[in-house]
Amino acid sequence: MGGTEEKQATGSARPTSRDVARLAGVSHTAVSFVFNGRAEGNLSPATQERIRRAAAELGYRPDPVARGLRRRRTAVIGLVTDEIASSPFAGRLLRGAMETAWGSEHLVLTIDSGGDRAKEDAAVAELLDRRVDGIVYAAMSLRRVRVPEGLHRTHSVLANCLPEDDSLPAVIPAERAGGRTAARLLLDEGHHRVAMLGGQDDIASVDRLRGFRDALRAEGITVPKEWVVRSGGEISGGYEGAMRLLDGVPAGRRPTGLFCYNDRVAAGALHAATRLGLTVPGDLSLVGYDDQEHMAEFLTPPLTTVALPHRAMGEAAARLLLDAIDTGRTPPATVRRLACPVISRASVGPAPSR
């Protein structure tokens with residue numbers, strides 16, 4: 001045994017596949033079959049298990065660089081997004097993408113562009129220079145985006161955004177269905193006087209309102225124009241909008257249920273209700289949207305909300321990308337919409353009898 005191999009055998013250097021072969025009593029080729037995914041049909045299950053036990057005993061791991069060179073891959077995917085540092089939802093999307101990639105023996109190299117177009121183009125160019133196997137481009141608020149330069153030069157998938165030119169596959173929330181779900185939470189408790197509060201004219205706001213109206217229309221209910229209040233997406237907007245809807249309005253003429261554009265708006269509406277002496281959910285039921293961490297479940301009462309599927313979007317986008325990498329085929333430029341689940345808490349109750 002040569003000097004280098006002696007060091008490896010005694011554990012003072014990184015063990016090699018030849019060390020594994022010697023300990024397992026098999027050929028070097030057999031070890032290669034196991035760690036290159038070619039063992040089935042070539043080696044018995046008992047032999048495969050013996051090789052894996054030997055590798056575990058030695059602490060052997062295949063060299064990802066060498067394996068990537070053989071497969072013409074790096075086992076790394078890139079993730080470029082606009083608001084990792086400031087969005088409360090970024091962690092969920094990242095965890096979904098990273099754990100899915102890890103399950104397929106890929107790492108995720110993440111870059112936050114801060115929404116700067118030049119930085120996005122530079123980030124994509126840098127990832128391409130590093131020979132990543134593909135790129136997920138993610139936005140933290142649903143919108144149409146300019147596709148950064150370079151995404152068409154590799155396998156690419158968009159998450160929580162839509163390409164302006166419809167040129168790439170995208171995974172987004174089913175916002176219209178989410179609006180229908182929110183309305184049904186109120187309808188099922190007997191609420192017929194319901195309003196929508198918050199949002200602007202962005203894709204999410206428009207689709208949530210459409211879904212909300214879909215569900216009410218199916219019950220023969222029309223939302224008065226003045227009961228759709230576009231007050232933005234912050235707590236202050238929720239408070240001001242709720243005061244416009246509720247302050248000074250007799251009980252029989254004001255809405256008994258509010259569907260809020262997001263949980264921050266719902267928090268503002270809850271503050272307004274308290275200011276006006278209204279109980280939630282006794283006098284007024286509230287449904288939020290997003291299931292924002294460190295907020296929705298800690299309000300008083302805890303907020304019933306429709307959750308955005310950020311983790312599921314990360315998982316689905318990464319899976320779509322990894323499938324394209326494995327097959328070598330670019331997925332069609334279609335849009336996949338993921339369900340927005342209900343998180344039931346205590347802010348929704350039966351409609352008041354009056």
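Preceding block: the structure.
Described in the following lines is the structure provided in the data block. Everything numeric here is computed off the predicted structure, so don't read it as measured data.

Comments concerning the overall build of the protein chain
Alright, step 1. The helix and strand inventory of the protein chain stands at twelve helices and 14 strands.
Alright, step 2. A compact globule built from 354 residues would reach a C-alpha radius of gyration of about 20 Å, whereas the protein chain, at 27 Å, exceeds it by more than 25%.
Alright, step 3. With respect to the three principal axes, the spread of C-alpha positions in the protein chain is 90 × 40 × 35 Å.
Alright, step 4. In the protein chain, buried positions account for 51% of the 354 residues.
Alright, step 5. In the protein chain, once contacts between residues fewer than 6 apart in sequence are set aside, the share between residues at least 24 apart is 71%.

Remarks on the layout of surface pockets
Alright, step 1. Within this model, the second largest pocket holds a volume of roughly 380 Å³.
Alright, step 2. In the lining of the second largest pocket, the residues fall into seven nonpolar, ten polar and six charged.

A closer look at helix H7 (residues 117-129)
Alright, step 1. Taking 1.5 Å per residue as the helical rise, H7 with its 13 residues ought to reach 18 Å, and the 18 Å between its terminal C-alpha atoms agrees with that figure.
Alright, step 2. Burial in H7 covers these residues: Glu120, Asp121, Ala123, Val124, Leu127 and Leu128. Seen end-on, H7 carries its buried residues on one side only, within an arc spanning 160°. In H7, those exposed residues whose orientation departs by more than 90 degrees from the buried face are Ala118, Lys119 and Asp129.
Alright, step 3. Tucked into the core, H7 has its buried residues touching strand S1 (76-81), strand S2 (107-112) and strand S3 (134-138).

Regarding the pattern of salt bridges
Alright, step 1. Following the criterion strictly, the structure yields 21 salt bridges and no others.
Alright, step 2. Arg311 is the salt-bridge partner of Glu99, the closest N and O atoms lying 2.5 Å from each other. Note that Glu99 is positioned in helix H6 (residues 90-103) and Arg311 in helix H12 (residues 310-327), a separation of 212 residues in sequence.
Alright, step 3. The closest approach of N and O atoms between Arg345 and Asp291, which form a salt bridge, is 2.9 Å. Of this pair, Arg345 sits in the segment after strand S14 (342-343) while Asp291 is found in the loop between strand S11 (285-290) and strand S12 (304-307), placing the two residues 54 residues apart along the sequence.

A short note on the side chain of Asp19
Alright, step 1. Residue position: Asp19 is located in helix H2 (residues 17-24).
Alright, step 2. Of the polar contacts made by the side chain of Asp19, one reaches the side chain of Arg22; its length is 2.6 Å.

Quick word on the sheet that holds S1
Alright, step 1. Spatially, six strands are ordered S2-S1-S3-S5-S7-S13 in an open sheet, and the strand pairing comes out parallel. With partners counted over all chains shown, the strands left at the sheet margins are S2 and strand S13 (335-338), one partner each. Neighbouring strand axes in the sheet, compared pairwise and without regard to direction, differ in orientation by 20° on average.
Alright, step 2. For strand S7 (residues 170-173) and S13, the ladder comprises four bridges, and the chain directions are parallel. Paired with Ala170 across the bridge in S13 is Val335.
Alright, step 3. Across the face of the sheet, H6 comes into contact with S1, S2, S3 and strand S5 (155-159) while running at roughly 155° to S2.

Let's talk about the packing of aromatic side chains
Two measures describe an aromatic ring pair: the distance that separates the ring centres and the angle between the ring planes.
Alright, step 1. If you walk through the whole model with that rule in mind, you get two aromatic pairs.
Alright, step 2. Between Phe212 and Phe259 the ring centres are 5.4 Å apart and the planes differ by 40°, which places this aromatic pair in the tilted class. Note that Phe212 is positioned in helix H9 (residues 203-218) and Phe259 in strand S10 (residues 257-260), a separation of 47 residues in sequence. Neither Phe212 nor Phe259 differs from the other in exposure class; each is buried.
Alright, step 3. Between the aromatic rings of Phe259 and Tyr289, the centroid separation amounts to 6.0 Å while the plane-to-plane angle is 45°, which identifies the pairing as tilted. Pair noted here: Phe259 is in strand S10 and Tyr289 is in strand S11, with a separation of 30 residues, a long-range link.

Describing the side chain of Ser205
Alright, step 1. As for its position among the elements, Ser205 is in helix H9.
Alright, step 2. In this structure, Ser205 is in contact with Met196, Gly199, Gln200, Arg230 and Tyr261, ignoring residues within four places of it in sequence.

Some details on the nonpolar core
Alright, step 1. Ranked by size, the top nonpolar core spans 47 residues in total, and within it Leu197, Phe212, Leu245, Leu258, Cys260, Leu286 and Val287 carry the most contacts.
Alright, step 2. Secondary-structure elements contributing two or more residues to this core are helix H8 (175-187), strand S8 (194-197), H9, strand S9 (228-229), helix H10 (235-246), S10, helix H11 (263-275) and S11.
Alright, step 3. With seven residues, H11 is the largest single contributor of residues to this core.
Alright, step 4. Leu197 has contacts with Val229, Ser231, Gly238, Gly241, Ala242, Leu245, Leu258, Phe259, Cys260, Tyr261, Val265 and Ala269, leaving out every residue within four places of it along the chain.
Alright, step 5. In terms of nonpolar packing, the next biggest core, distinct from the first, is built from 22 residues, Val108, Met140, Ala159 and Ala316 among them.

A look at unusual backbone geometry
Alright, step 1. Residue Val280 is joined to Pro281 through a cis peptide bond whose omega torsion reads 10°.
Alright, step 2. Secondary-structure assignment places Pro281 in the loop between H11 and S11.
Alright, step 3. For the bond running from Thr300 to Pro301, omega is 0°, close enough to zero to count as cis.
Alright, step 4. Mapped onto the fold, Pro301 is located in the loop between S11 and S12.
Alright, step 5. The phi angle at Arg131 is positive, at roughly 60°, despite the residue not being glycine.
Alright, step 6. Tracing the backbone through its elements, the reader meets Arg131 in the loop between H7 and S3.
Alright, step 7. Even without being glycine, Asn160 reaches a positive phi, approximately 65°.
Alright, step 8. Mapped onto the fold, Asn160 is located in the loop between S5 and strand S6 (162-163).
Alright, step 9. The buried category is assigned to Asn160, whose relative accessible area is 3%.

Cut-offs and rules
- Residues numbered from 1 in each chain as written.
- Predicted model: local features only at pLDDT ≥ 70, side-chain atom pairs only at ≥ 80, totals over all residues.
- Heavy atoms only, no water.
- Helix = DSSP H or I, 4+ residues; strand = E, 2+ residues; numbered from the N terminus.
- Rg over C-alpha atoms; globule rule 2.2 N^0.38 Å.
- Buried < 20%, exposed > 50% of the residue type's maximum accessible area, 1.4 Å probe, protein only.
- Contact = heavy atoms within 4.5 Å.
- 1 Å grid on protein atoms, 1.4 Å probe; cavity = no way out; pocket = protein on both sides within 12 Å on 5 of 7 lines; lining within 4 Å.
- Points joined across faces, edges and corners; volume = space filled by probe spheres on them.
- Nonpolar A, V, L, I, M, F, W, Y, C, P; charged D, E, K, R; others polar.
- Expected span 1.5 Å × (residues − 1).
- Arc of directions from axis to C-beta.
- Salt bridge = Lys/Arg side-chain N within 4 Å of Asp/Glu carboxyl O.
- Polar contact = N/O pair within 3.5 Å; in protein donor to acceptor, adjacent residues only side chain to side chain.
- Pairing = 2+ DSSP bridges.
- Axes fitted to C-alpha atoms, helices over the stretch in contact; angles between N-to-C directions.
- Phe/Tyr/Trp six-rings, centres within 6.5 Å; stacked < 30°, edge-to-face > 60°.
- Core = buried A, V, L, I, M, F, W, Y, C linked by side-chain atoms within 4.5 Å.

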